[in-house]
Amino acid sequence: MSSPASPFSSIIVMAKQILESGRIGPKSSKAEAEGTVKEIIGAADQAFTEEHEVNYWGFLKATLGEYVRSRGLEESFVVKGSPFNYHGAVGASCSAVMLRKDFYRGEARVEPEMFLEVGMVRDRQGNLSPGVCCGFHYLPSPEGDHSRFVQGVLEDQRTKSMAWALSNDGFLNPSFRSFGRDSHWGMDATLTKVWPEDSVTPEIKERVFQALDELLPLFLRIVSLA
């Protein structure tokens, strides 16, 4: 008897349906983007909801929320989810993010996040492929590399060493951009782990949690230095 499919695999199937529809990209309004996604995967999302008692992006948010609670982080961090339609655009991936409860609201600022993403994600060659991805990155903003969060890494040798070690320990997209002899941590720094579709098994949640555990000390240190 075959093992039951992972809920993550079902979400990947939806992502591929959206991609194959040829309807990704900006729309005239948030409502149009939402309607487009519903037209493409509405039936699949309904089936997913009936089986798991939550819709696809609610599932991702609940999964990351479980991680936050299980690590005793709920007093300091909040989880937010993003469906395939985000603002006025349609994409082929959906996600949940973990960020500070007091993250800056209003004028855009650089903000560190831990994230869980499913759908068309970047593989080792930088190409989009179906799978599951989790990691650390910053929300971009005009502050750029002058952000206090970025500067905190540059000014604290221990934090910089932690980031460098992670970028050489199985995480993709090393976060140090080289400029001659110097290496630089910037706003576009990213540390991720990717599981291609064919390696997404029912145990994928435990593997994601393990990867987030590897990143958590760096994330907490960056937040504390701000």
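Before reading on, note that the structure itself is shown above.
Computed from a prediction, not measured in an experiment: that's the story for all the values here.

Cut-offs used in this document
- Residues numbered from 1 in each chain as written.
- Predicted model: local features only at pLDDT ≥ 70, side-chain atom pairs only at ≥ 80, totals over all residues.
- Heavy atoms only, no water.
- Helix = DSSP H or I, 4+ residues; strand = E, 2+ residues; numbered from the N terminus.
- Buried < 20%, exposed > 50% of the residue type's maximum accessible area, 1.4 Å probe, protein only.
- Contact = heavy atoms within 4.5 Å.
- Areas by Shrake-Rupley, 256 points an atom, 1.4 Å probe, with all protein chains shown as cover.
- Pairing = 2+ DSSP bridges.
- Axes fitted to C-alpha atoms, helices over the stretch in contact; angles between N-to-C directions.
- Salt bridge = Lys/Arg side-chain N within 4 Å of Asp/Glu carboxyl O.
- Parallel < 35°, antiparallel > 145°, perpendicular 65-115°, else oblique.
- Left-handed = near helix turned anticlockwise from the far one by under 90°.
- Nonpolar A, V, L, I, M, F, W, Y, C, P; charged D, E, K, R; others polar.

**Q** Sorry if this is basic, but what is going on with the overall build of the chain here?
**A** If you tally the helices and strands in the chain, you get six helices and 10 strands. Among the 226 residues that make up the chain, the fraction classed as buried is 44%. For the chain, long-range pairs separated by at least 24 residues make up 63% of all intrachain contacts whose partners lie at least 6 apart in sequence. For the chain, the exposed area adds up to about 11700 Å²; of that, 50% sits on carbon and sulfur atoms.

**Q** Before we go on, may I ask you to explain the sheet that holds strand β7 (residues 128–139) in this structure?
**A** Working definition: the strands of a sheet are paired by backbone hydrogen bonds and lie parallel or antiparallel to each other. One open sheet holds the five strands; their spatial order is β2-β5-β6-β7-β10, and the pairing between them is antiparallel. With partners counted over all chains shown, the strands left at the sheet margins are β2 (77–82) and β10 (190–196), one partner each. Mean inter-strand twist for the sheet, computed between neighbouring axes without regard to direction, equals 15°. Inspection of the sheet shows β2 paired to strand β5 (residues 93–100) by six bridges, in the antiparallel sense. Bridging across to β5, Gly81 finds its partner in Ala96.

**Q** How should I be thinking about the environment of Pro140 in this particular structure?
**A** In this fold, Pro140 is placed in the loop between β7 and α4 (148–155). For the pair Pro140 and Val110, spaced 30 residues apart in sequence, the C-alpha to C-alpha distance is 5.4 Å.

**Q** Just to check I follow, could you spell out the environment of Ile12 for this structure?
**A** Its location among the elements puts Ile12 in helix α1 (residues 7–21). On a C-alpha basis, the gap between Ile12 and Val200 in space is 9.7 Å, while along the polypeptide they are 188 residues apart. Excluding residues that lie within four positions of it along the chain, Ile12 makes contacts with Val118, Gly119, Pro130, Gly131, Val132, Glu197 and Val200.

**Q** Just to check I follow, could you spell out the pattern of salt bridges for this structure?
**A** Any two side chains of opposite charge can pair, on the condition that their charged atoms come close. Scanning all chains against the criterion turns up eight salt bridges. Residues Lys16 and Glu197 are paired through a salt bridge, measuring 3.0 Å at the closest nitrogen-oxygen approach. Highlighted residues: Lys16 in helix α1 and Glu197 in the loop between β10 and α6 (204–225), separated in sequence by 181 residues. Assessed through its relative accessible area of 28%, Glu197 is described here as partly exposed. A salt bridge links Arg23 to Glu39, with the shortest nitrogen-to-oxygen separation between them at 2.9 Å. Of the two residues, Arg23 is situated in the loop between α1 and β1 (25–26) and Glu39 in helix α2 (residues 30–52); the sequence distance between them amounts to 16 residues. The class for Arg23 is partly exposed, based on a relative accessible area of 32%. Look at the salt bridges and you will find they share partners, linking Arg100, Asp102 and Glu111 into a network.

**Q** Would you mind going over the sheet that holds strand β3 (residues 85–86) with me for this structure?
**A** Across the sheet, which stays open at both edges, the three strands sit in the order β1-β4-β3 with antiparallel pairing between neighbours. Two strands close off the open sheet at either side, each with one partner strand: β1 and β3. As paired strands, β1 and strand β4 (residues 89–90) are joined by two bridges and run antiparallel to one another. Bridged to Pro26 within β4 is Ala89.

**Q** Please explain the pairing of β10 as it appears in this structure.
**A** Sheet faces and side chains relate simply in a regular strand, where the side chains alternate between the two faces. When you tally the buried positions in β10, you get five out of seven residues, the bulk of the element. Where β7 lies against β10, seven bridges are found, and the strand directions are antiparallel. Pairing of Gly131 across the sheet is with Pro196, part of β10.

**Q** Would you mind showing me how to read the packing of α1 against helix α3 (residues 56–70) here?
**A** For any two helices packed against each other, one specifies the crossing angle of their axes together with the interaxial distance. Relative to each other, α1 and α3 sit at 140°, their axes nearing to 10 Å. When the axis of α1 is compared with that of α3, the two are oblique. Of the two elements, α1 crosses α3, and the hand of that crossing is left-handed. Contacts between α1 and α3 pair Pro7, Phe8, Ile11 and Met14 from the former with Tyr56, Phe59, Leu60 and Thr63 from the latter. Looking at side-chain class alone, the contact of α1 with α3 contains seven nonpolar, one polar and no charged residues.

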